[in-house]
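A look at the structure
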Amino acid sequence: MTRGVTDSHCHVWWDQFDEDRDLVLQRARAAGVERMVVVGTDVETSRAALELAADDAELFGTAGLHPHDAGKFTEATRRALEELCQREDCVAVGETGLDWFKEWAPRDAQLSSFRWHLELARSLDKPVIIHSREAHEDTLELVQACRGVRGVMHCFVMGPEELPHYVDAGLHISFSGIVTFKGSASNQEAARLCPEELLLVETDAPFLAPVPHRGERNEPAFCAETLRFVADLRGVSVDHLSRVTSANAARLFGLPPLTVHA
Ligand SMILES: [Zn+2]
Ligand SMILES: [Zn+2]
């Protein structure tokens, strides 16, 4: 049985977990997913993420404004997020990024918000969590314009052609349940080729449950399925990949080493 898995990106503050949040966290631990990065998507949920993390030694919170919420990118939002991101217990800036697929917020708002988060992450020397959907060229352009920024391409859905650009930019690459889907051949190839020292796994719960839970509410326990799938792709043991991805997450987010209880 796998131990010591880190879910590098989940939203367990979501109201879909209000009924059974404690059980969800228990099931994660029972499945070997002992550590979770809890990601905020606006001011309110960033506060909720940090609050949840304050009660649990292996949960770590972040603060940011999701591209879907970029319509709320006002002076007041910037001030509040900056304050949250400066907190010592806030391990990353984000999530932020660009979503040209759903485009729920106007493009110029998404671009300004993303640029602002990149600069903030660099100035605070914290990693930035990047969401990018159908926006490869613009994402890369903004990342490259912010030299020295470090962070992660969360829920990386691109393929082997795009991958080297993000690797060259020094970003970590986090694979989600999407990599387990039939029809994800090109994303699977990227998961096979990604340099080991930059590789992470995540659920993005409550969204995007991996096979065999596709279509269900996603939860951090299922990160073990994605990890197993990526280990198979790469021809390495699940334990090895668990150790490596947890060490990568600890380094990136500045977390203490994960002690695995037998
Ligand atoms: Zn996202
Ligand atoms: Zn997310």
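Residues numbered from 1 in each chain as written. Chains lettered and ligands numbered in written order. Predicted model: local features only at pLDDT ≥ 70, side-chain atom pairs only at ≥ 80, totals over all residues. Heavy atoms only, no water.

**Quick word on the layout of surface pockets**
If you add up the space inside the largest pocket, you get close to 380 Å³. Lining the largest pocket we find 17 residues, and of these His66, His68, Lys102, His131 and Phe207 sit closest to its centre. Going through the elements one at a time, strand S4 (90-99) and strand S5 (128-133) are the ones with two or more residues in the lining of the largest pocket. Here the second largest pocket is characterised by a volume of approximately 200 Å³. Looking at the second largest pocket, the residues that line it are Thr2, Arg3, Gly4, Asp239, Ser242, Arg243, Ser246, Ala247, Ala250, Pro257, Leu258 and Val260. The residue inventory of the lining of the second largest pocket, partitioned by class, reads 5 nonpolar, 4 polar and 3 charged. (1 Å grid on protein atoms, 1.4 Å probe; cavity = no way out; pocket = protein on both sides within 12 Å on 5 of 7 lines; lining within 4 Å. Points joined across faces, edges and corners; volume = space filled by probe spheres on them. Helix = DSSP H or I, 4+ residues; strand = E, 2+ residues; numbered from the N terminus. Nonpolar A, V, L, I, M, F, W, Y, C, P; charged D, E, K, R; others polar.)

**So, the packing of aromatic side chains**
Working definition: an aromatic ring pair is given by the centre-to-centre distance plus the angle between the planes. Under the definition given, this model contains 5 aromatic pairs. Where Trp13 meets Trp14, the ring centres are 4.7 Å apart and the plane angle is 20°; that geometry is what we call stacked. Taking the relative accessible area as the measure of exposure, Trp14 reaches 24% and is therefore partly exposed. Both rings, one in Phe156 and one in Tyr166, keep their centres 5.9 Å apart while their planes meet at 75°; by these two values the pair is edge-to-face. With Phe156 in the loop between strand S6 (151-153) and helix H6 (163-168) and Tyr166 in helix H6, the pair connects residues that are 10 residues apart, well separated along the chain. (Phe/Tyr/Trp six-rings, centres within 6.5 Å; stacked < 30°, edge-to-face > 60°. Buried < 20%, exposed > 50% of the residue type's maximum accessible area, 1.4 Å probe, protein only.)

**Overview of the packing of helix H2 (residues 43-54) against helix H3 (residues 75-86)**
H3 packs onto H2 with a crossing angle of 15° between their chain directions and a minimal axis gap of 10 Å. Compared by their axis directions, H2 and H3 come out roughly parallel. At the point where H2 passes H3, the crossing takes the left-handed sense. Of H3, the residues touching H2 (which contributes Val43, Ser46, Arg47 and Leu50) are Thr77, Ala80, Leu81 and Leu84. Taken together, the residues that form the contact of H2 with H3 break down as 5 nonpolar, 2 polar and 1 charged. (Axes fitted to C-alpha atoms, helices over the stretch in contact; angles between N-to-C directions. Parallel < 35°, antiparallel > 145°, perpendicular 65-115°, else oblique. Left-handed = near helix turned anticlockwise from the far one by under 90°. Contact = heavy atoms within 4.5 Å.)

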